[in-house]
Amino acid sequence: MDRRDFLHLSTSGLGLLIGASLFAPAAAYFLSPAWKKKPEDWIFLGDIHKIPVDRPTKVEFVQRHKDGWTTIEEKKSAWVISKDGKAFTVFDPRCTHLGCPYRWDEGRGEFLCPCHNAVFSKEGEVLSGPPPRPLDRYAVKVEAGKLWVLPALKKD
Ligand code: FES
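Conventions and cut-offs
- Along each chain, numbering runs from 1 in the same order as the chain's sequence is written.
- For a predicted model such as this one, the threshold for reporting local features is a pLDDT of at least 70, and the threshold for listing and counting side-chain atom pairs is 80 or more; totals across whole chains, interfaces and linings nevertheless cover every residue.
- Derived side-chain values reflect all non-hydrogen atoms in the structure, with water molecules and hydrogen atoms excluded from consideration.
- Only Phe, Tyr and Trp rings take part, Trp by its six-membered ring, and two of them pair if their centres are within 6.5 Å. Stacked means planes under 30 degrees apart, edge-to-face means over 60, and tilted covers everything else.
- To qualify as a helix, a DSSP run of H or I must reach at least 4 residues; to qualify as a strand, a run of E must reach at least 2; elements of each kind are numbered from the N terminus.
- Burial classes: relative accessible area under 20% of the type maximum marks a residue as buried, over 50% as exposed, and values in between as partly exposed (1.4 Å probe, protein chains only).
- Definition used for salt bridges: Asp or Glu carboxyl oxygen within 4 Å of a side-chain nitrogen of Lys or Arg.
- Just so you know, the domain bounds were taken from an automatic or database domain assignment.
- Here, the term disulfide refers to a pair of cysteine sulfur atoms separated by no more than 2.5 Å.
- In short, DSSP must find at least two bridges between two strands for them to pair.
- Where helices are involved, their axes are fitted lines through C-alpha atoms of the stretch in contact, as for all axes, and angles between N-to-C directions lie from 0 to 180°.
- The contact definition used throughout considers only heavy atoms, calling two residues in contact when any of these lie within 4.5 Å.

Chemist: Please explain the packing of aromatic side chains as it appears in this structure.
Modeler: Centre-to-centre distance and the angle between the planes together describe a pair of aromatic rings. Evaluated as defined, the whole model comprises seven aromatic pairs. Seen in terms of ring centroids, Trp79 and Phe111 are 5.5 Å apart; in terms of plane orientation they differ by 70°. Their pairing is edge-to-face. Note that Trp79 is positioned in strand β3 (residues 70–81) and Phe111 in strand β6 (residues 110–113), a separation of 32 residues in sequence. Among the residues examined, Trp79 registers a relative accessible area of 8% and is labelled buried. Where Trp104 meets Phe111, the ring centres are 4.9 Å apart and the plane angle is 65°; that geometry is what we call edge-to-face. Assigned by exposure class, Trp104 and Phe111 land together as buried. Among the aromatic residues, ring-to-ring pairing joins Trp79, Phe91, Tyr102, Trp104, Phe111 and Phe120 into one connected group.

Chemist: What is the right way to look at the pattern of salt bridges in this model?
Modeler: Inspection of every chain in the model, using the stated rule, returns nine salt bridges. Among the salt bridges present, the one from Arg103 reaches Asp105, with a minimum N-O distance of 3.8 Å. By relative accessible area, which is 45% here, Arg103 ends up partly exposed. With its nearest N and O atoms 2.9 Å apart, the salt bridge here joins Asp136 to Arg133. Its relative accessible area of 3% is what places Asp136 among the buried residues. Owing to a relative accessible area of 26%, Arg133 belongs among the partly exposed residues under this scheme. Through salt bridges with shared partners, a single network forms among Asp54, Lys83, Lys122 and Glu123.

Chemist: I would appreciate a short explanation of the domain arrangement of the protein chain in the present structure.
Modeler: Put simply, an interface is often sized by how much accessible area is lost when its parts join up. Each assigned domain of the protein chain is listed with its residue range as follows: domain 1 (1–36) and domain 2 (43–154). Computed from C-alpha atoms alone, the centre-to-centre distance between domain 1 and domain 2 is 54 Å.

Chemist: Just checking my understanding: could you explain the state of the cysteines for this structure?
Modeler: Here a disulfide denotes a covalent bond joining the sulfur atom of one cysteine to the sulfur atom of another. Across all of its chains, the model carries one disulfide by this definition. Here Cys100 is linked by a disulfide to Cys115, with a sulfur-sulfur distance of 1.9 Å. When the S-S torsion is -100°, as for the bridge of Cys100 with Cys115, the disulfide is left-handed. Here Cys115 lies in the loop between β6 and β7 (118–120) and Cys100 lies in the loop between β4 (89–91) and β5 (103–105), a separation of 15 residues in the sequence.

Chemist: Any chance you could explain the sheet that holds β6 here in plain terms?
Modeler: Hydrogen bonding along the main chain pairs the strands of a sheet, whether they run parallel or antiparallel. Reading across the sheet, the four strands line up as β5-β6-β7-β8 and stay open at both edges, with antiparallel pairing between neighbours. In the strand order of this sheet, the two ends are held by β5 and β8 (126–128), each with one partner. Mean inter-strand twist for the sheet, computed between neighbouring axes without regard to direction, equals 40°. As defined by bridge partners, β7 adjoins β8 across two bridges and the pair is classed as antiparallel. Residue pairing in the sheet places Val119 in a bridge with Ser128 of β8.

Chemist: Whenever I open this one, the environment of Ala78 confuses me. Can you help?
Modeler: With respect to the helices and strands, Ala78 occurs in strand β3. For Ala78, a relative accessible area of 0% gives the class buried. Linking Ala78 and Tyr138, residues 60 residues apart in sequence, is a C-alpha distance of 8.7 Å. If we skip the residues at most four places from it in the chain, Ala78 touches Thr57, Lys58, Val59, Phe61, Val90, Phe91, Pro93 and Tyr138.

And the structure:
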């Protein structure tokens, strides 16, 4: 190897080294959100003392999703019911037939879906109509008097 080849090789090697040392941190910065394991996103629904006992209550909340570097906010709702003010059930607000929003009928004491006349009990069981299964539920937890929900569906 003559002097010219040596200089050419060492300059190229040094250039590669500098390029890699600049590119690696930048690549790690831009790709790291995609690699991060997402924690479970429990959402605060409310103070349990403010939720009426034995009467389904529609609660609205905002669910935030991280999509890479963007945070997307989505307005959602759920039906909350508790027989004793201690244990809570939270239903997804979409009918299990084709996903229409259903409502609580206080006079009948039942959930009614207007799309195809489905009727669900207060416990979410199908009483009549085409839905193939009871109302979907969310995972819930109560901590220090606060109700939290995990709006991933938990099928019954
Ligand atoms: S969507 Fe509710 S009964 Fe069809």
